[in-house]
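A structural walkthrough
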Amino acid sequence: QLRQRAAHWYRTAEPGVQGLVKQKLAIRIEEAGADAENLLAVAPSWRPAPVVVAEVPQETQAPPSRDYVVGGRQNLLEILAADEKATVAGFGRNGKEFASLSAGAKLPLPAVVERGASYDLELEFSMTGGGHTGIAVILPLGKGNGAVVLTDEKFRSPTQLMQIDRQSGPSNPTAAKGRLRPNKRTKCQIKVQVDETDVRVLATVDGTPVIDWRGAQTSLSLHKSLRLGHSDQIGISAAEPGVVFHKADFTLRNGASSKPR
């Protein structure tokens, strides 16, 4: 069923791509072994989000508020799904779940974090595309920004916290072999602990530690391909189509956090 649903996502994305990407999608649709009618029968409630073509706004620092209380746990995908005006270009939605329809799609989540705040984020997702892929969890980290990148073992990029001193890939001090598996619901837990000048980032995949890094907040930066409209906003990104995000539970540990204004 996961492979049939993946083929549905590929068929939805196919009209908007050209060249090698279009050929790749056609191959994956054929591998899934379902025609258009069967695909729509498998997932009739899934619909692509409207594609919004717009320039990415200049990064701004949003004023903090108490939309999220310390210790409270909220599913950011549920909040996003309830906002009919939210921009979710590159993703489709079904109820409280969101799935990537294009390579490199970014989904800003409705949590803007004050620069001194610590927080936890728990994600559940499935890679239904059948190919080698990964996700990035975009994080405000005190005075810096970074991304927890999780991949499968054969993806072109390792699992890592990027960028550290502008280093990514094998030269990154947190680089490790990917652990994700296709067609499996995966749980990722991320803890961000911020003090005056340093930040500690811990990440586990299905309970197994994959990242544990502590260092200066100012040593962290985001690659331009992962930047969001707010420099202090949480987000998620998928390297390929067919990644379904089921849940994104956010818990503020200290400081302040708000919904984007």
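Above this text you will find the structure in question.
Residues numbered from 1 in each chain as written. Predicted model: local features only at pLDDT ≥ 70, side-chain atom pairs only at ≥ 80, totals over all residues. Heavy atoms only, no water.

A look at the layout of surface pockets
This is how the line gets drawn: Buried and open spaces are told apart on a 1 Å grid over the protein atoms alone, a cavity being a set of points where a 1.4 Å probe fits but cannot get out and a pocket being an open set with protein on both sides within 12 Å along at least five of seven lines. Residues with an atom within 4 Å of a point are the lining residues. Grid points are joined across faces, edges and corners, and a volume is the space filled by probe spheres set on the points. Counting from the N terminus, the helices are DSSP H or I runs at least four residues long and the strands are E runs at least two residues long. Note on residue classes: Ala, Val, Leu, Ile, Met, Phe, Trp, Tyr, Cys and Pro are nonpolar, Asp, Glu, Lys and Arg are charged, and everything else, Gly too, is polar.
There is about 310 Å³ of room inside the second largest pocket. Residue lining of the second largest pocket: 17 residues in total, with Ala136, Val149, Met162, Leu226 and Ala239 positioned closest to the centre. At the level of secondary structure, the elements contributing two or more residues to the lining of the second largest pocket comprise strand E7 (134–141), strand E8 (144–151) and strand E13 (233–238). Its residues assigned to classes, the lining of the second largest pocket comprises 9 nonpolar, 7 polar and 1 charged.

Observations concerning the packing of aromatic side chains
This is how it is decided: Between rings of Phe, Tyr and Trp, where Trp is taken as its six-membered ring, a pair exists when centres lie within 6.5 Å; planes separated by under 30 degrees are stacked, by over 60 edge-to-face, and by other angles tilted. Burial classification: accessible surface area is computed with a 1.4 Å probe over protein chains only, and a residue below 20% of its type maximum counts as buried, one above 50% as exposed, and the rest as partly exposed.
Enumeration over the complete set of coordinates arrives at 4 aromatic pairs. For the pair Tyr68 and Phe250, a centre-to-centre distance of 5.2 Å together with 75 degrees between the ring planes defines the contact as edge-to-face. On the criterion of sequence distance, the pair formed by Tyr68 in the loop between strand E1 (47–48) and strand E2 (73–75) and Phe250 in strand E14 (residues 243–254) is long-range, its members being 182 residues apart. The same class applies to Tyr68 as to Phe250, namely buried. Taking 6.2 Å as the distance between ring centres and 45 degrees as the angle between the ring planes, the aromatic pair formed by Phe91 and Phe245 counts as tilted. You can see Phe91 sitting in strand E3 (residues 91–94) and its partner Phe245 sitting in strand E14, a full 154 residues away along the chain. Each member of the pair, Phe91 as well as Phe245, carries the same accessibility label: buried. Three or more aromatic residues joined by ring pairs make a cluster, and in this case those are Tyr68, Tyr119 and Phe250.

Everything listed here is a matter of coordinates, which is why it stays silent on function.
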